[in-house]
Amino acid sequence: MALQARDAQERKRHGRHYTPPELARFLARRALRHAPPAAMLRVLDPACGDGELLLAVLREIAANAPDVAVQLTGYDLDRRAVAETVGRAGALGVEIDCHTGDFLAASARLGDGSFDVIISNPPYVRTQQLGGATAQLLSKQFGLRGRIDLTHPFVAVAPRLLATGGVLGLLCANRFLTTRAGANLRRILTGELTPVELYDLGDTKLFAAAVLPAITVALRATGPPECRYVSVYEELGVEPDCATELFDALAGERACRVGAGGRVFAVQVGVLATGDARAQGPAVLAPAPTAPVAPRADSRPVDSARSERHGDTAWRMSRPSVDQWLGRIADRTWRSFGEVARIRVGIKTTADRVFISDRWDHMDPTPEPELLRELITHHDLQPWRVATGRGTRVLYPYDLRQPRRTPIDLAEFPGAAAYLRSHEQALSGRRYVLDGGRQWFEIWVPQRPHLWGAPKLVFPDISARPRFALDRSGAVVNGDCYWISLTDLGTGRSATDLAYLLMGVANSALGLRFYDAVCGNRLYSGRRRWITQYVGRLPLPDPAGPAAGEIVRKVRALLEDGVAVADSGIDEVVADAFGVSVDIADADHR
């Protein structure tokens, strides 16, 4: 058991999560549908693990094209995995050319167009685990940009190794569909290959890894004008409306609800909209700016598409009814959230057990009270209001009068100095803090200290539904939340009105449905990521118009006059502001 536990830890550390047989068969079947006609198919798995994907290809060909010969090649760093692959193939009377070693290093020695099929579940290892030096080396070697994980170079080498007409069958984390860090994969899959099938497998738990999986099938050739896009996520409180198996439903042509493992999943079917020249969508679908633009005197809509760069836009599913709904919203969009508001993440201490507590009164030594600031975390947030009361406070060692990070003088705060020195060994061990020019007792992301006292909108990073709340307490915001300072929105009543407008749209039914249609980064159990790049895309109507004024009036009545949420009518006025119905009344949007 101890050996098995160590093996599991090693697999996790190196990003090795072996493909379950049923999922391997589905991936092999979908990839082989697009394989070039040939008397022999040359098949590569660059991270073969226990050989499940290669054997799935072998079985599919034997069942459906027995006259086609197969040449199987595999690589893996794990010597025992390679031996297992060879042994499993040998038991079937098949020989696999399987190599122990670093495929990325070996790939330079492989000729262009060496394979007809590449089928892969590459290792998923984040930049933090790779190390900065290794990540930079891989980025330079394989032409990658920004933050990478180990999946990126494995995919980057595929176009060169595939023969003309060859096919890539890729299983990887679905976050590449929507995150900025996934832009590398999106660029490769649309710039050097042509995606033909895409399956967002969502929270099906078809894969043992913590990440949610996706399958992409792409060609080293010009493919059909549309890429089939299927997504599947659990839906609560509903019954199945079809009797097919889950994998059969994924291969089907219509949206349905299917039961599997005691759960019900909504299968949606559409085509891929990448945001590039082959699939232009409404301007509102373009990536949000990273910083707000200055207010304009006119009220004409901003064309956000001007900032679009190839691969930067999140991929989404296109369906006629939803596209029409989004188009109507785009027509009435004044600006996006990202164009009017600077969206900041909360503080990150990287030593929460030292800096954050709800038992400061029991500490000895005890930091000075003026340095212990009330802390808002995701536990404290409801739609519209902050409900603090857990007594959680953060030791915030900065001068709150300063707009820039200005650490306190420990000589002026003997209690805090004594407390921090009691943890000095642990705090000094944070080399990245010291290497960043910080003092040993500082936190990693302090944000703008002087803004904490101003009113702000706060919302959690992860939440099933939007929970945008207004805080006037002067509390600090934790790193599991994001915030917008009203000082960035204007002054006086105008800033408050714009904040109310932002809250009204974000917390509405339309805001949630827009998120799902455009951003779509969902996690297990229906949770969603409400991070800057997604919230920045939410639309706003013209604040000077009567429709926006009605939204502001409804939000003010809720927050200042005590009107109940159920009686507020906010969902209706937000939908009216964009000229759409509260619900998207079509069967394929769930």
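This text gives an overview of the structure that appears in the document. (Residues numbered from 1 in each chain as written. Predicted model: local features only at pLDDT ≥ 70, side-chain atom pairs only at ≥ 80, totals over all residues. Heavy atoms only, no water.)

### Remarks on the pattern of salt bridges
Within this structure, the stated rule accounts for 24 salt bridges. A salt bridge links Asp471 to Lys456, with the nearest nitrogen and oxygen atoms 2.9 Å apart. Of this pair, Asp471 sits in strand E20 (residues 469-471) while Lys456 sits in strand E18 (residues 456-460), and the two are 15 residues apart along the sequence. Residue Asp471 is classed as buried on the basis of its relative accessible area of 4%. Arg493 is paired through a salt bridge with Asp497; the nearest N and O atoms lie 3.3 Å apart. In this pair, Arg493 and Asp497 are both assigned in helix H18 (residues 492-506), 4 residues apart and thus about one turn of the helix distant. (Salt bridge = Lys/Arg side-chain N within 4 Å of Asp/Glu carboxyl O. Helix = DSSP H or I, 4+ residues; strand = E, 2+ residues; numbered from the N terminus. Buried < 20%, exposed > 50% of the residue type's maximum accessible area, 1.4 Å probe, protein only.)

### A word on the pairing of strand E6 (residues 194-200)
In summary, the side chains of a regular strand alternate between the two faces of the sheet. Where burial is concerned, most of E6 is hidden: 7 out of the 7 residues are buried. As judged from the 6 bridges shared by E6 and strand E7 (residues 213-219), these two strands associate in the antiparallel manner. Residue pairing across strands places Glu197 opposite Val217, the latter belonging to E7. Pairing between E6 and strand E8 (residues 228-234): 4 bridges, direction parallel. Bridge assignment links Asp200 to a residue of E8, and that residue is Ser231. (Pairing = 2+ DSSP bridges.)

### As for the pairing of strand E4 (residues 115-120)
In terms of burial, E4 is largely enclosed, as 6 of its 6 residues are buried. Alignment of strand E1 (residues 40-45) against E4, held across 2 bridges, turns out to be parallel. If you follow Leu44 over to E4, its bridge partner there is Ile118. Note that E4 and strand E5 (residues 162-173) share 5 bridges and pair parallel. Among the inter-strand pairings, Ile119 is bridged to a residue of E5, identified as Gly169.

### Regarding the environment of Leu498
Looking at where Leu498 falls in the secondary structure, it is placed in helix H18. Look at Leu498 and you get buried, because its relative accessible area is 12%. As for Leu498 and Leu486, which are separated by 12 residues in sequence, their C-alpha atoms are 8.6 Å apart. If we skip the residues at most four places from it in the chain, Leu498 touches Leu489 and Pro543. (Contact = heavy atoms within 4.5 Å.)

### Some words on helix H2 (residues 21-32)
For H2, spanning 12 residues, the distance from its first C-alpha to its last is 16 Å, which sits close to the expected 16 Å at 1.5 Å a residue. The set of residues buried in H2 consists of Leu23, Ala24, Phe26, Leu27, Ala28, Arg30, Ala31 and Leu32. (Expected span 1.5 Å × (residues − 1).)

### Observations concerning the packing of aromatic side chains
Inspection of the entire model under this criterion finds 16 aromatic pairs. Each ring, one from Phe459 and one from Phe468, has its centre 4.2 Å from the other, and the planes form 20 degrees; the classification is stacked. Side by side, Phe459 and Phe468 carry an identical accessibility label, which is buried. An aromatic cluster of at least three residues, connected via ring pairs, comprises Phe459, Phe468, Tyr482, Tyr515, Trp530 and Tyr534. Over the face of the ring belonging to Trp483 we find Arg344, whose NZ or CZ atom lies 5.4 Å from the ring centre. Seen from the ring of Trp444, Arg438 lies directly overhead, with NZ or CZ sitting 5.2 Å from the centre. (Phe/Tyr/Trp six-rings, centres within 6.5 Å; stacked < 30°, edge-to-face > 60°. Lys NZ or Arg CZ within 6 Å of the ring centre and 35° of its normal.)

### Considerations on the sheet that holds E20
Spatially, the 5 strands line up as an open sheet ordered E13-E22-E18-E20-E16, and their pairing is mixed. Looking along the sheet, the strands with just one partner apiece sit at the ends: strand E13 (344-345) and strand E16 (384-385).

### What to know about the sheet that holds strand E14 (residues 356-357)
Across the sheet, 4 strands lie side by side as E14-E17-E15-E21; this open sheet has mixed pairing. Looking along the sheet, the strands with just one partner apiece sit at the ends: E14 and strand E21 (476-477). Relative to strand E17 (residues 393-395), strand E15 (residues 372-376) runs antiparallel, the two being bridged by 3 bridges. By the bridge assignment, Arg373 is partnered in E17 with Val394.

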